Amino acid sequence: MSAGSLVAAFAAPFYGALFCVFPAVTKPTVQFGVRVPPERTGAAVIGDQRRAYYWRTAVIGVCCTVVAVLLAVHGSRWLPVLVVPIEVAADTGCLLAARRRITEVKRAERWFAGLRQTVIADTRWRADPPRFPVRWLTPALAVVAATIVIGVVRYPELPGRLTDGFRAWAAPGHRVPKTPVTAFAIVFAQLWVTALWTGMMLIIYRSRPDIDAADPADSVRRYRRFLVRCTTGMLALVTLIDLSLLLAALRNWQVYRLAGASTALPLLPYAAGLLVVMAALLRSGQGGFRLAADGIDSGEPTDPGKRAALADRDDDRFWKGGLIYVNRDDPALMVCARFGIGWTFNLANPAAWLFLSAIAGVPAGLVIIAALTR
Amino acid sequence: MFLSIEPDGPVPIYQQIRDRIVEAIAGGRQPVGSGLPSTRQLAVDLGVNFHTVNKSYDLLRREGLLRLNRKSGAVVQRDAGSGPPSPDWAQDWAGRLETLLAEAAAQGMPADEIITHCRAAIAAFAFPADAEEHAPGHRTAIEGRP
């Protein structure tokens, strides 16, 4: 069993479980990417579609896990890796089917007719924004610094041909000539991961909070807690990714040796961190709607008399497939995701394409530079 | 301060933003010297074009309620405690108020109900205590305050 097939065998149940629980962690007023007024969150069609979605995704998850494990046990290197994209595509199909049915009923019964559809901004958010937890970045930077120091110390003693830092996981036996680029490839990867996630979280800190029209004060309090929890969780995860990369670098620099499926061992810190962080975020719910709102002063309390009269704006037309946000009038770069946990880009904003190009371009550029220097 | 708009409503968005800020100033939630988010930040928070917010802020600047500059951003320049407005402005406002009240009367709303609505609106405003003591007009107007 190769490291690749072993990872795929664990990834299949992970993604299966993740997709299966997503409707439970999404706000009640956004069901399968469809905006729903507060008094319609208990509609029969929503309950029916949720039950159908849970069953379908559970069956897909179990089938894909069995197939991935069987393929991994039989020694196939690449086929188990293909199972995960197929699983994600099938789960997305289940989501789109549920979304289509709820949208049909919403249109037929005119759920938003007569409601005041509002968008709310909290001016205090800009005057007193939550502080970015910079100290949570320190462990990640310490791991990167340690990797650089160990690499500089080990570099003179390394042999003339090294394990390919870019292909060590997929092709462990592949060797390349020793150069600073090939020897420190994993350090570049650490710097890229740390910079990327820190940059993303900084952009998210500047993006707008997810405010419920029916309950603005409490939703701002919850979002504030959610944002801090997300950021600290992601920065802790970045540290564990950097630690996994450090372990991989130590193997490449011949500090220790691994063979067969055990070459996946450096991934353990990342996998454990991913499970813990996802569990914490799933408990918070999207935008923190499952968190308690007390303990934080966000200013004005919501007048209970006004709650029932207001609904969030029906903005389904800006969400393609319920997942992709495209709104030319909205200058926001990132907004809260409609399905699952986290944020997504506004693809009508040119800066989003620049950012996505950078995400894909930097590793591609590193691979090209490494190839040219061989 | 929570600033709410109805983007798909009949009133233009820039007018709604301007109206909400005027209401916040009158209600004491944005006193003189308090800052508002920059046009870009408020546009992001409301999900509207930043030129729309710019238009609202410019309207408030021309009405004398906001001061805009590059360093301090948008700052409230007048509120209920800033003294009486200019006679020209008061005359113009009285004309607009007459039209607004005429609309209610033309729709058949009784005079008592019109006055009740006016009292309820004024009750939400934050008049300074000294203005209540020295201005008989204000004292009459706020009789209905809780």
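See above for the structure.
Criteria and thresholds
Residues numbered from 1 in each chain as written. Chains lettered and ligands numbered in written order. Predicted model: local features only at pLDDT ≥ 70, side-chain atom pairs only at ≥ 80, totals over all residues. Helix = DSSP H or I, 4+ residues; strand = E, 2+ residues; numbered from the N terminus. Buried ≥ 20, exposed ≤ 12 C-beta atoms within 10 Å, placed from the backbone. Contact = placed C-beta atoms within 7 Å. Pairing = 2+ DSSP bridges. Core = buried A, V, L, I, M, F, W, Y, C linked by C-beta atoms within 7 Å. Axes fitted to C-alpha atoms, helices over the stretch in contact; angles between N-to-C directions. Expected span 1.5 Å × (residues − 1). Arc of directions from axis to C-beta. Parallel < 35°, antiparallel > 145°, perpendicular 65-115°, else oblique. Left-handed = near helix turned anticlockwise from the far one by under 90°. Nonpolar A, V, L, I, M, F, W, Y, C, P; charged D, E, K, R; others polar.

1. Some points on the overall build of chain A
Then comes step 1: Along chain A, the regular secondary structure elements total 11 helices and 10 strands.
Then comes step 2: Put simply, chain A has 374 residues, and 40% of those count as buried.
Then comes step 3: Put simply, of all contacts in chain A between residues at least 6 apart along the chain, 75% involve residues at least 24 apart.

2. Digging into the pairing of strand β3 (residues 66–69) of chain B
Regular strands have side chains that alternate between both faces of the sheet.
All names here are of chain B.
Then comes step 1: Here four bridges tie β3 to strand β4 (residues 73–76), and the two strands are oriented antiparallel to one another. Considered in β4, the bridge of N69 is made with G73.
Then comes step 2: Between the antiparallel neighbours β3 and β4 lie three residues.

3. What to know about the nonpolar core
Then comes step 1: A8, A9, A12, A68, A72 and I120 of chain A together with L46 of chain B are the most contacted members of the largest nonpolar core, which totals 80 residues.
Then comes step 2: A per-element tally of this core places helix α1 (residues 3–25) of chain A first, with 10 residues.

4. Remarks on the sheet that holds strand β2 (residues 35–36) of chain B
All names here are of chain B.
Then comes step 1: Pairing is antiparallel in the open sheet, where three strands are placed in the order β2-β4-β3. In this open sheet, the two edge strands, each paired with only one partner strand, are β2 and β3.
Then comes step 2: Bridge count between β2 and β4: two bridges; the pairing is antiparallel. In the sheet register, L36 faces β4, and the bridge partner there is A74.
Then comes step 3: In this fold helix α3 (residues 50–62) packs onto β3 and β4, with an angle of close to 120° to the strand it touches most, β3.

5. Comments concerning helix α5 (residues 138–154) of chain A
Residue and element names in this part refer to chain A.
Then comes step 1: For α5, built from 17 residues, the straight-helix expectation of 24 Å at 1.5 Å per residue is met to within 8% by its first-to-last C-alpha distance of 24 Å.
Then comes step 2: Those residues of α5 lying buried are A140, V143, V144, T147 and G151. One side of α5 carries all its buried residues, which in axial view fall inside an arc of 95°. When the buried face of α5 is taken as reference, the exposed residues oriented beyond 90 degrees from it are T138, A142, A145, V149, V152 and V153.
Then comes step 3: For α5, the secondary structure elements touched by its buried residues are α6 (180–183), α7 (185–206) and α8 (216–252).

6. Some details on the packing of α5 of chain A against α7 of chain A
Residues and elements named next belong to chain A.
Then comes step 1: Across the interface, α5 lies against α7 with an axial gap of 10 Å and an inter-helix angle of 165°. Between α5 and α7, the interaxial angle falls into the category roughly antiparallel. Of the two elements, α5 crosses α7, and the hand of that crossing is left-handed. Contacts between α5 and α7 involve A140, V144, T147, I148 and G151 from the first element and V187, Q190, L191 and T194 from the second.
Then comes step 2: Among the residues making up the contact of α5 with α7, the classes are represented as five nonpolar, four polar and no charged.

7. Considering the packing of helix α1 (residues 13–26) of chain B against α3 of chain B
When two helices pack together, you describe them by how their axes are tilted relative to each other and by the distance separating the axes.
All names here are of chain B.
Then comes step 1: As a packed pair, α1 and α3 sit with axes 8 Å apart at the nearest point and diverge in direction by 45°. For the element pair α1 / α3, the angle class is oblique. Relative to α3, the crossing made by α1 is right-handed. Mapping the contact onto sequence places I13, Y14, I17, R18 and I21 in α1 and T52, V53, K55, S56, L59 and L60 in α3.
Then comes step 2: Of the residues belonging to the contact of α1 with α3, the class tally is seven nonpolar, two polar and two charged.

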